[in-house]
Amino acid sequence: MQLEINQPFDLAESLESGQAHRWRRLGDGWYSGVLGDRLLHLRQVPNGLEYRETSVGGRPAEGETDALLRAYFRLDDDIAKIYEDICRDRRVAAMVARYPGLRILRQEPWECTVAFICSATSNIPRIHQNMESMADHLGQPLELDGEVRRTFPSAPQLAKAGESALRDLGLGFRAPYVISAAHQVADGALDLDALIRLPYPETKARLMDCYGIGAKIADCIAVFSLEKLEAFPVDVWVRRALAEWYFPMQKKPPDRAMVDWAQSYFGRYAGYSQQYLFHGRRMQK
């Protein structure tokens, strides 16, 4: 099956830019990933995406997966307008020219929350491993073309599994943070979908009320799953990018000052600017 895409889009750059953590290269341009209850194999073709799929509930309704992929890759964004806005900055413009079609992903909020809780003092390969381990032990199996993957466990499933089980899966000190969030979501104390409708400052504050979620993790969750494109996560790569490219020869400002400056400077699409700076600086290494 194919999904036609008639705007800037780069599958590889988008999936390998540190946003999502359950995609694997299969070879010959194909990627394997689990979105919700379905296992997908995707590859980019000249006019869009070619894909194969299977799901827990059987064959999806016609057009359902097309809609899922359009939402996931934010193909409903006015990318030309966004590029016009963020390319006012010459450094971001250079990154857009270098990585045209790199998209912010619209992820499922619960899975995104767990992934970025696992990102605390970690790295991308380890986050991938943590997320896959939880799915392998607690998710439902899916099989496609001889490959078996599993769905990501729900908040009640993780809450029931408990902290010691997650420590056994390699989450270490992050295990109690994930379990705390799982209990809040399972009990209804934390309604992630409701945060989509709240203003950014309220969304960030509510996330930071959660045990183990600081400013950077809250901003990652906000921009990658809660529709807050003004959020500007500051991690090690963005910190280096800002210090080297925007504040050279100056004492490095604290993260809070960097966030405030970036949101004022880059504006309502600061999250897109951040992703280009993050990916560009990380690839520069």
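Since we're looking at a predicted model, the values are computed, not measured. (Residues numbered from 1 in each chain as written. Predicted model: local features only at pLDDT ≥ 70, side-chain atom pairs only at ≥ 80, totals over all residues. Heavy atoms only, no water.)

A. Up close: the packing of helix α3 (residues 79-86) against helix α15 (residues 270-284). Across the interface, α3 lies against α15 with an axial gap of 10 Å and an inter-helix angle of 75 degrees. If you check the angle between α3 and α15, you find them roughly perpendicular. Counted together, Ile79, Ile82, Tyr83 and Ile86 of α3 and Tyr272, Ser273 and Tyr276 of α15 form the full contact between these two elements. Of the residues contributing to the contact of α3 with α15, the split by class is 6 nonpolar, 1 polar and no charged. (Axes fitted to C-alpha atoms, helices over the stretch in contact; angles between N-to-C directions. Helix = DSSP H or I, 4+ residues; strand = E, 2+ residues; numbered from the N terminus. Parallel < 35°, antiparallel > 145°, perpendicular 65-115°, else oblique. Contact = heavy atoms within 4.5 Å. Nonpolar A, V, L, I, M, F, W, Y, C, P; charged D, E, K, R; others polar.)

B. The arrangement of the environment of Gly212 in detail. In this fold, Gly212 is placed in the loop between α11 (200-208) and α12 (215-225). Along the chain, Gly212 and Val178 lie 34 residues apart, while their C-alpha atoms are 8.2 Å from each other. For Gly212, the residues in contact, after removing those within four places along its chain, are Tyr177 and Ile217.

C. Representation of the sheet that holds strand β1 (residues 2-4) within the structure. Strand order across the open sheet formed by 5 strands is β1-β5-β4-β3-β2, with antiparallel pairing between neighbours. Each end of this open sheet is capped by a strand with a single partner; those strands are β1 and β2 (23-27). Averaged over all pairs of adjacent strands, the angle between their axes in this sheet comes to 30 degrees, without regard to strand direction. Note that strand β4 (residues 38-45) and strand β5 (residues 48-55) share 8 bridges and pair antiparallel. Pairing of Val45 across the sheet is with Gly48, part of β5. Sheet contacts for helix α2 (residues 64-72): β1, β2, β3 (30-35), β4 and β5; angle to β4, the most-contacted strand, approximately 70 degrees. (Pairing = 2+ DSSP bridges.)

D. Spatial organisation of the pairing of β2. Note: β2 against β3, 4 bridges, orientation antiparallel. Bridge assignment links Arg24 to a residue of β3, and that residue is Ser32. Between β2 and the antiparallel strand that follows it, β3, lie 2 residues; Asp28 among them carries a positive phi value of about 55 degrees.

E. How the structure looks around the packing of aromatic side chains. Tallied over the full model, the rule gives 15 aromatic pairs. Geometrically, the ring pair formed by Phe9 and Phe73 is edge-to-face, given 5.0 Å between the ring centres and 80 degrees between the ring planes. Here Phe73 lies in the loop between α2 and α3 and Phe9 lies in the loop between β1 and α1 (11-15), a separation of 64 residues in the sequence. A single burial state applies to Phe9 and to Phe73, both of which are buried. The structure contains a cluster of three or more aromatic residues connected by ring pairs, namely Phe232, Tyr246, Phe247, Trp261, Tyr265 and Phe266. The side chain of Arg52 reaches across the aromatic face of Trp30, ending 3.9 Å from its centre. (Phe/Tyr/Trp six-rings, centres within 6.5 Å; stacked < 30°, edge-to-face > 60°. Buried < 20%, exposed > 50% of the residue type's maximum accessible area, 1.4 Å probe, protein only. Lys NZ or Arg CZ within 6 Å of the ring centre and 35° of its normal.)

F. The side chain of Arg174, seen in detail. By the secondary structure assignment, Arg174 is in the loop between α8 (163-168) and α9 (175-187). Salt bridges are absent for the buried Arg174, whose nearest opposite-charge side chain, Glu163, sits at 12 Å. Looking at Arg174, its side chain comes within polar contact range of the main-chain oxygen of Cys118, at 3.3 Å. Not counting the four nearest positions on each side in its chain, Arg174 is found in contact with Ile117, Cys118, Ala120, Thr121, Ser122 and Arg126. (Lys, Arg positive; Asp, Glu negative; His and termini not counted. Salt bridge = Lys/Arg side-chain N within 4 Å of Asp/Glu carboxyl O. Polar contact = N/O pair within 3.5 Å; in protein donor to acceptor, adjacent residues only side chain to side chain.)

G. Just the packing of helix α5 (residues 109-117) against helix α6 (residues 124-138), in detail. In the contact formed by α5 and α6, the axes pass within 9 Å of each other and the chain directions differ by 130 degrees. The angle between the axes of α5 and α6 places the two elements in the oblique class. Relative to α6, α5 is oriented so that their crossing is right-handed. Touching Glu111, Val114 and Ala115 of α5 are Ile127, Met131 and Met134, all from α6. For the contact of α5 with α6, a count of residues per class yields 5 nonpolar, no polar and 1 charged. (Left-handed = near helix turned anticlockwise from the far one by under 90°.)

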